[in-house]
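The lines below spell out each chain.
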Number of protein chains: 2
Amino acid sequence: MTVSDGRSFIEEGSPANDFFVVTEGRVKLFTLLPDGRRQITGFAEGGDFLGLAASRSYAFGAEALGTVTLCRFPHAGMSRLTHRFPNLEHRLREEASRELILMQARMTLLGRKTARERVATFLIERARLLHGPDTEQMAETIELDLPMPRSDIADYLGLTIETVSRIFSAFKKEGLINIRAITHISLLAPERISLIAEGAE
Amino acid sequence: MTVSDGRSFIEEGSPANDFFVVTEGRVKLFTLLPDGRRQITGFAEGGDFLGLAASRSYAFGAEALGTVTLCRFPHAGMSRLTHRFPNLEHRLREEASRELILMQARMTLLGRKTARERVATFLIERARLLHGPDTEQMAETIELDLPMPRSDIADYLGLTIETVSRIFSAFKKEGLINIRAITHISLLAPERISLIAEGAE
DNA sequence: CGGATCTTTGATAGAGGTCAAGTGCCGTGG
DNA sequence: CCACGGCACTTGACCTCTATCAAAGATCCG
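- Chain A goes by Transcriptional regulator in an unreviewed UniProt entry, where it is assigned to Gluconobacter morbifer G707.

**Thoughts on the relation of the copies chain B and chain A**
Moving on, step 1. Expressed as a screw operation, the relation of chain B to chain A combines 0.1 Å of axial shift with a rotation of 180 degrees, fitting to an RMSD of 0.1 Å. Between the two chains, the operation in question is that of a two-fold axis.
Moving on, step 2. A shared binding surface is used by both copies, with 100% of the interface residues of chain B retained as interface residues in chain A.

**Here's the deal with the interface of chain B and chain A**
Many structure descriptions define interface size as the accessible area lost when the parts assemble.
Moving on, step 1. If you look at the interface, chain B gives 41 residues, while chain A gives 41 residues.
Moving on, step 2. Here chain B and chain A share an interface that buries about 3800 Å² over both sides, 63% of which is from carbon and sulfur atoms.
Moving on, step 3. Interface area lost by chain B to chain A is led by B:Arg93, B:Met107 and B:Arg112, which between them contribute 22%.
Moving on, step 4. Applying the counting rule to chain B against chain A returns six salt bridges.
Moving on, step 5. The partner of A:Asp155 in a salt bridge is B:Arg112, and the shortest N-O contact between them spans 2.8 Å.
Moving on, step 6. Taken together, the links from chain B to chain A amount to 18 residue pairs in polar contact (both at pLDDT 80 or more).
Moving on, step 7. Counting residues per element, the ones that place at least two in the side of chain B that touches chain A are strand 4 (38-44), helix 2 (86-112) and helix 4 (150-157) of chain B.
Moving on, step 8. A breakdown of the residues in the side of chain B that touches chain A according to their chemical character gives 17 nonpolar, 12 polar and 12 charged.

Here is what the cut-offs are and how they apply
- Residues numbered from 1 in each chain as written.
- Chains lettered and ligands numbered in written order.
- Predicted model: local features only at pLDDT ≥ 70, side-chain atom pairs only at ≥ 80, totals over all residues.
- Heavy atoms only, no water.
- Least-squares fit on C-alpha atoms with pLDDT ≥ 70 in both.
- Contact = heavy atoms within 4.5 Å.
- Buried area = accessible area lost by both parts, 1.4 Å probe.
- Salt bridge = Lys/Arg side-chain N within 4 Å of Asp/Glu carboxyl O.
- Polar contact = N/O pair within 3.5 Å; in protein donor to acceptor, adjacent residues only side chain to side chain.
- Helix = DSSP H or I, 4+ residues; strand = E, 2+ residues; numbered from the N terminus.
- Nonpolar A, V, L, I, M, F, W, Y, C, P; charged D, E, K, R; others polar.

Printed below as a string of structure tokens:
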């Protein structure tokens, strides 16, 4: 299954019949308020599961960020699969657990961190996606590619586009980052950004 | 295992050896920032699972809200259990999924809702805990007991104590609720509160 | 009762949102 | 190859909501 840029393939509230695995590309997951306010609850990449939270209807919408390829599994067939591969059930639970831990951190970000801390956290999160969770290499410059527009970053961090933009500019002026292109940012002082992210500066 | 009021029984970051089920009473789960800012990520009640997000160390702290009794299961013994009761694994995943859905809603609350909307959402959430998710009975008055202090409500909603207090007062003045006692609130117009919660007013 | 703690209320300040121009980037077409 | 238009991003001015700081009640418990 292939979905092209900007195309929505899960409608929030629609009946949840399938379960997806992202094979190529990126996806944004979000929930909406009636007046259009949007919270992006996560970005999914190759290998990520989607629709784990199996209920009657989807609790979120999903939209392609660039071109995406997915595997679609009908829920109906899942019970047959888990029966055949008992380990699968365990694997799915692990995946759900991992997601739960991430969400707890994001709740702290949304509920308690300042705008600076949120943006710093976002940058570090992206850096770790590339170079693993190790703190090593944090001393050097890290090149980052942000495939999503500012509006997605804002909705992910619970901020406005303007605030995100202003903070990127501030970080640049402080010598923490370099903005090579709109989608390409260099972290010049990852260690210091990491400190800001934890609320220590 | 019994824990008395205010006692902490899971330390954030400590090695995650056990898995808990709340049998009696209530528990608050939270994460902390280095400077003491706190985000309460959820309240657990009788029947709820704790420590599902099984990783090396606990991603959250837990503290008793009143006296609590718990069952403690060492992780080590879990694999034996799930082997004996294959259904358990499925049950755990369902529980994790349910939690994931709740967390998505909370992320939207923390990232995108106003203070009024957050407090209204909290009240409706509590009401549903008593009377089920049905919208019926929403027409009448609902009596609520809030077992947690304002500081917990504030840290749950990503607000300050003062803001929570002011909004309770405002709701009272608007005839939406009645504050019988600090811990006892009557929802006089559940339907209208529900609308506020969704951002429709 | 009396003191500690929690909650409410008031006054003020500040972080981030809103509104409104720019600015830069990129694709299209002349 | 350059001009133009559109769109995303940035920047600025201003405002609002919520946090902060400070008392003044409530409530609880010895």
